[in-house]
Amino acid sequence: MSFNIALTGLNAVTEQLNTISHNIANVGTTGFKSSRTEFGSLYSGTQAMGVSVLGHTQSMSLGGAHVGTGDSLNLAISGGGLFVTRSASGDISYTRAGAFGKDSDNYLVDASGQYLQGYTVDAAGNLQVGTVGDLRLQTGNLPAKATDGIEFVTNLDAGKEPVTVTPFDPDNLDSYTDSQTTAVYDSQGKQHTLTQYFVKTGDNTWEVHYAVDKTIVGGPEPMVFDERGGLVTPLGPVNISFPLPGVEAMSIDIDYTRSTQSASDFVVTTNDPSGYAAGENTGVTVEKDGMVYATYSNGERLLQGQVVLANFANPNGLKNEDATRWSATGESGNPLIGPPGTGLFGELTAGALESSNVDMTQQLVGLMEGQRNYQANSKVLSTDKELTQVLFNAI
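Along each chain, the written sequence defines residue order, and numbers are assigned to residues from 1. Only residues with pLDDT of 70 or above have their local features reported here, since the model is predicted, and side-chain atom pairs are shown and tallied only from 80 upward, although totals for entire chains, interfaces and linings are computed over all residues. Excluding hydrogens and water, the side-chain figures rest on all heavy atoms present in the structure.

Draft legend 1. Representation of the pairing of strand E21 (residues 281-286). By this definition, two strands are paired if DSSP reports at least two bridges between them. In this text, helices come from DSSP runs of H or I with a minimum length of four residues, and strands from runs of E with a minimum of two, each type numbered from the N-terminal end. Examined bridge by bridge, E21 and strand E22 (residues 291-296) share five bridges and lie antiparallel to one another. By the bridge assignment for E22, Thr285 is matched with Tyr293.

As structure tokens, this is what we get:
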């Protein structure tokens, strides 16, 4: 009986050494999660029968260190979750190895050519939340866009005296109270200057004149405030339209909705015009919430999609696959999909990779313990053999 018990010990220790060897072999593998062999005692009634291998526990919740790479498409997860990838045949798998890049068709892929999954964008660049698909980058240059709106929030100084100099003349500082200049772009991306001239005409009443490249193009438009300084008129955007040589006529809506009048200095808190000059593609950035943007030389960036992560009720139930990937099983449960930085999903760090979480010291200690246990079980076998030989000799 002791012979069989020792044999189960040798088999169990061999399985443990295989697991430790696998961990050590993958100490440099990006996104690798170490495993541990779990043992359980065997009994037949009250008779001890040895030991068995119950299974292998994966350290899915233990993250590895982040190592900076400088590559904007290298991603590491700080917290829970796994990247979702799709093979060319449509099989879905999950990984912590975030070494992504672009293929010849500008899809985001991992080192094995699996497609990174995320929320995609439509033709207008709107994020399609809930629609998970292959993430693809736009690599062409960005054409110019004419300015068609300005969000403008200001406070006009109620303490200023009404202007008495008439008529309004942009070259005469005494004919207006304050001014603000904004850069706008035409349909070819050429920059122009739009200047707003604010003229106080009485208590709570103002007029706004407009000039583009020092040429008057609109106004006066009235601005009226109530006794508390809240804007009464205009209630909606003010439109100014004007022609420019060689390009499409411009039409700009200026939204003053949140502007106020109070006894404090003239200040512009928001001046956000649309439009931009043409720009060349300079690369891609990924935010901590998974938003992927193409960047351009004109300072603009366009949304390309959002990386999604997956989590499971029982991550340790995932099945190991080649190339540091896992697949869902009945034991792991169905995946919960969501954007980084929400709920159970960690934030992303761009320009970094997650190292293997193998603790080399712990593995070497386990290796020595396994060696000692193997020797001990081997000694039981040799002792059993000697005792059996003695019995045979006695007979």
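Draft legend 2. Spatial organisation of the side chain of Ser93. Inspection of the secondary structure assignment puts Ser93 in strand E6 (residues 92-95). Within the structure, the side chain of Ser93 is placed 2.9 Å from the side chain of Thr85, a separation counted as a polar contact. In contact with Ser93, not counting residues within four places along its chain, are Phe83, Val84, Thr85, Gln114, Arg325 and Trp326. Here a polar contact is recorded for every N or O atom pair within 3.5 Å, except that within protein the pair must consist of a potential hydrogen donor and a potential acceptor, and residues adjacent in sequence are included only if both atoms are side-chain atoms. By definition in these notes, contact holds between two residues if any of their heavy atoms fall within 4.5 Å.

Draft legend 3. Representation of the packing of aromatic side chains in the model. Planes of paired rings set the category: under 30 degrees apart is stacked, over 60 is edge-to-face and the rest tilted, where pairs are Phe, Tyr or Trp rings (Trp by its six-membered ring) whose centres lie within 6.5 Å. Counted by the stated rule, this structure contains nine aromatic pairs. For the pair Phe83 and Phe100, a centre-to-centre distance of 5.1 Å together with 85° between the ring planes defines the contact as edge-to-face. One end of the pair, Phe83, is in strand E5 (residues 82-86); the other, Phe100, is in the loop between E6 and strand E7 (101-102), with 17 residues separating them in the sequence. On the basis of relative accessible area, Phe83 is assigned to the buried category, the value being 0%. Relative to Tyr115, the ring of Tyr107 has its centre 5.6 Å away and its plane inclined at 80°; by these criteria the two rings are edge-to-face. Residue burial is assigned from relative accessible area. The probe radius is 1.4 Å, only protein chains are included, and a residue is buried under 20% of its type maximum, exposed over 50%, and partly exposed in between. We classify Tyr107 as partly exposed; its relative accessible area is 22%. Taking relative accessible area as the criterion, Tyr115 reaches 19% and is therefore assigned buried. Aromatic ring contacts, followed pair by pair, group Phe152, Phe198, Tyr256 and Phe266 into a single cluster. Criterion for a charge above a ring: Lys NZ or Arg CZ within 6 Å of the ring centre, and within 35 degrees of the ring normal. The positively charged end of Arg301 is found above the aromatic ring belonging to Tyr293, 3.9 Å away from the centroid.

Draft legend 4. Structural context of the nonpolar core. Formed by 22 residues in total, the largest nonpolar core has its most connected members in Leu194, Phe198, Tyr210, Met223, Ile252, Ile254 and Tyr256. If you list the elements that add at least two residues to this core, you get strand E11 (149-157), strand E13 (191-202), strand E14 (205-212), strand E15 (215-225), strand E17 (238-242) and strand E18 (250-255). A total of four residues in this core trace back to one element, the largest contributor, which is E14. Sequence-distant contacts of Ile254, that is, excluding residues within four places in its chain, are made with Ile150, Phe152, Leu194, Gln196, Tyr210, Pro237, Val238 and Ile240. Think of a nonpolar core as a cluster: buried Ala, Val, Leu, Ile, Met, Phe, Trp, Tyr and Cys residues, connected wherever their side-chain atoms sit within 4.5 Å. Grouped together as the second largest cluster of nonpolar side chains are 16 residues, Leu75, Ile77, Val286 and Phe345 included.

Draft legend 5. Structural detail: the domain arrangement of the protein. With domains assigned, the protein is organised as domain 1 (1-61 + 357-393), domain 2 (65-142 + 280-355) and domain 3 (149-273). An automatic or database domain assignment is the source of the domain bounds shown. Look at where the C-alpha atoms of domain 1 and domain 3 centre, and you get two points 81 Å apart.

Draft legend 6. How the structure looks around the sheet that holds strand E16 (residues 231-233). The antiparallel open sheet is built from five strands, whose spatial order is E12-E13-E14-E15-E16. Strands at the two margins of the open sheet, each flanked by one partner only, are strand E12 (178-185) and E16. Going across the sheet, the axis of each strand differs from the next one's by a mean of 30°, ignoring polarity. Interaxial angle, 0 to 180 degrees, is taken between N-to-C directions of lines fitted to C-alpha atoms, where a helix line uses only the stretch in contact.

Draft legend 7. Structural detail: the pattern of salt bridges. Only one rule defines a salt bridge in this text: a Lys or Arg side-chain nitrogen within 4 Å of an Asp or Glu carboxyl oxygen. For the structure shown, the criterion picks out seven salt bridges. The partner of Arg36 in a salt bridge is Glu38, with the nearest N and O atoms 2.7 Å apart. Assessed through its relative accessible area of 53%, Arg36 is described here as exposed. Residue classification places Glu38 among the partly exposed positions, given a relative accessible area of 22%. With a closest N to O distance of 2.6 Å, Asp134 and Arg86 form a salt bridge. In this pair, Asp134 is assigned in strand E10 (residues 127-134) and Arg86 in strand E5, connecting sequence segments 48 residues apart. Residue Asp134 is classed as partly exposed on the basis of its relative accessible area, which comes to 21%. Each of Lys33, Arg96 and Glu354 takes part in salt bridges that share partners, so that together they form one network.

Draft legend 8. Geometry of the pairing of E17. What you see with E17 is a clean split: Val238, Ile240 and Phe242 sit on the buried side and Asn239 and Ser241 on the side with no burial. One ladder, built from five bridges, connects E17 with E18; its direction is antiparallel. What sits directly across from Ile240, in E18, is Ile252.

Draft legend 9. Representation of the side chain of Thr195 in the model. Mapping Thr195 onto the fold places it in strand E13. Relative accessible area serves as the criterion here: at 10%, Thr195 is assigned to the buried category. A distance of 3.1 Å separates the side chain of Thr195 from the side chain of Thr181, its partner in a polar contact. The residues contacting Thr195, other than those within four sequence positions of it, are Ser179, Gln180, Thr181, His209, Tyr210 and Ala211.

Draft legend 10. Representation of the environment of Ser179 in the model. With respect to the helices and strands, Ser179 occurs in strand E12. The class for Ser179 is partly exposed, based on a relative accessible area of 31%. With residues near it in sequence (within four places) discarded, Ser179 still touches Thr195, Gln196, Tyr197, Phe198 and Phe266.

Draft legend 11. Seen up close, the environment of Phe100. The class of Phe100 is buried, set by a relative accessible area of 4%. Placed 36 residues apart in sequence, Phe100 and Gly64 show a C-alpha to C-alpha distance of 18 Å. If sequence neighbours within four positions are ignored, Phe100 has contacts with Leu73, Asn74, Leu75, Phe83, Thr85, Val109, Asp110 and Leu116.

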